[in-house]
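Topology and contacts: notes
The primary structure of each chain is shown beneath.
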Amino acid sequence: MVPSDPSSQDRRLLERLSALQHGSGTLIAAAESLTGGMLASRLSAAEGSSDWFRGGIVAYQRAVKYGLLRVPEGPVVSEISARTMAESVRELLGSEVACAVTGVGGPETQDGMPVGTVFLAVASPEGTVVRRYLFEGDAPEILRQTVSAALRALLEVIESLGRRKAAGEG
């Protein structure tokens, strides 16, 4: 069973993201594998998202990652895969910021990585940051934690961009 409603923490993150995005002109995109569209669903449900959410690409199968998102052939649960997914979707959808997630929800290991391993990347004008997580729980819990981590990472980058713009750097 996949969690359909955002947690109260995710709702607060989305409210903060929406407030920061109001009138900012910063466009956001997402590329997902593990979460199968959950991140895009959360973002598109946020208040005012039609002004700042460009859309998402669900690249669940390897062939889509390798072809559309230009991930290098090889393991898809990896730092390079998450990085390439974020950078490619940013370019493909014409956004300033893009988030990508790839990982192992279970029940078995994948690409030599244990269940709960997640690589999350955020690409922006400031560069691309990739983080590796090892979440615990069953598949729905891993997906929930992944989406929450993605929302937090997006919020951090949007706040940083806002500070740069306010300081006249962007």
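Just so you know, the residues in each chain are numbered from 1, in the order the chain's sequence is written. Where local features are concerned, this predicted model is filtered to residues with pLDDT of at least 70; where side-chain atom pairs are given and counted, the filter is 80 or more; whole-chain, interface and lining totals use all residues. Heavy atoms from the whole structure form the basis of all side-chain values; hydrogens and water molecules are not counted.

1. Re the overall build of the chain
The helix and strand tally for the chain stands at 5 helices and 5 strands. Along the chain, helices (α) and strands (β) appear in the sequence α-β-α-β-α-α-β-β-β-α when read from the amino end. Over its C-alpha trace the chain gives a radius of gyration of 15 Å, about what one expects of a compact globule, namely 15 Å for 170 residues. Taken along the three principal axes of its C-alpha coordinates, the chain extends 45 × 35 × 25 Å. When accessible area is computed with a 1.4 Å probe and restricted to protein chains, residues below 20% of their type maximum are described as buried, those above 50% as exposed, and intermediate ones as partly exposed. The burial tally for the chain puts 47% of its 170 residues in the buried class. Relative to all contacts within the chain whose residues are 6 or more apart in sequence, the contacts with residues 24 or more apart total 61%. Accessible surface area values rest on a Shrake-Rupley calculation with a 1.4 Å probe, where residue burial reflects the displayed protein chains alone. Of the roughly 8,100 Å² of accessible surface on the chain, a fraction of 50% belongs to carbon and sulfur atoms. When charges are counted, Lys and Arg are positive and Asp and Glu negative, with His and the chain ends excluded. Here the site of a charge means NZ on Lys, CZ on Arg, CG on Asp, or CD on Glu. The centroid of the 17 positive side-chain charges in the chain is displaced by 3 Å from the centroid of its 20 negative side-chain charges. Helix and strand assignments follow DSSP, with helices taken as H or I runs no shorter than four residues and strands as E runs no shorter than two, numbered in order from the N terminus. We compute the radius of gyration from the C-alpha atoms alone; for a globule the expected value is 2.2 Å times N to the 0.38, where N is the number of residues. Should any heavy atoms of two residues lie within 4.5 Å, those residues are counted as being in contact.

2. A look at helix α4 (residues 79–93)
A rise of 1.5 Å per residue sets the reference length of α4, with its 15 residues, at 21 Å; its end C-alpha atoms lie 21 Å apart and thus fit the reference within 8%. All buried positions along α4 are accounted for by Ser-81, Ala-82, Thr-84, Met-85, Ala-86, Ser-88 and Val-89. Where α4 is buried, its residues contact β1 (28–32), β2 (53–58), α3 (62–67), β3 (97–103), β4 (117–124) and β5 (127–134). Positive phi appears at Gly-94, one or two residues downstream of α4, with a value of about 65°. Each helix should span, by expectation, one fewer than its residue count multiplied by 1.5 Å.

3. Section: the side chain of Thr-117
Mapped onto the elements of the fold, Thr-117 is located in strand β4. By relative accessible area, which is 0% here, Thr-117 ends up buried. N or O atoms within 3.5 Å of each other form a polar contact, as long as, within protein, one can give a hydrogen and the other can take it, and as long as residues adjacent in sequence are counted only when both atoms are side-chain atoms. Within polar-contact distance, the side chain of Thr-117 engages the backbone oxygen of Pro-114 at 2.8 Å. Apart from the residues within four sequence positions on either side, Thr-117 is in contact with Val-77, Thr-102, Gly-103, Val-104, Arg-132, Tyr-133 and Leu-134.

4. Structural notes on the packing of helix α1 (residues 8–21) against helix α5 (residues 139–166)
The axes used here are C-alpha line fits, helices contributing only the stretch in contact, and every angle between their N-to-C directions lies in the interval 0 to 180 degrees. Between α1 and α5, whose axes approach to 10 Å, the crossing angle comes to 25°. Here α1 is positioned roughly parallel relative to α5, judged by the angle of their axes. Between α1 and α5 lies a crossing whose hand is left-handed. Contact residues: Gln-9, Asp-10, Leu-13, Leu-14, Arg-16, Leu-17, Leu-20 and Gln-21 in α1; Val-147, Ser-148, Leu-151, Arg-152, Leu-155, Ile-158 and Glu-159 in α5. Residue polarity is assigned by list, with Asp, Glu, Lys and Arg as charged and Ala, Val, Leu, Ile, Met, Phe, Trp, Tyr, Cys and Pro as nonpolar; anything else, Gly included, falls into the polar class. Looking at side-chain class alone, the contact of α1 with α5 contains 8 nonpolar, 3 polar and 4 charged residues. Angle categories: roughly parallel below 35 degrees, roughly antiparallel above 145, roughly perpendicular from 65 to 115, and oblique for all the rest. The handedness criterion is simple: a crossing whose near helix is rotated anticlockwise from the far helix by less than a right angle is left-handed, and one whose near helix is rotated clockwise is right-handed.

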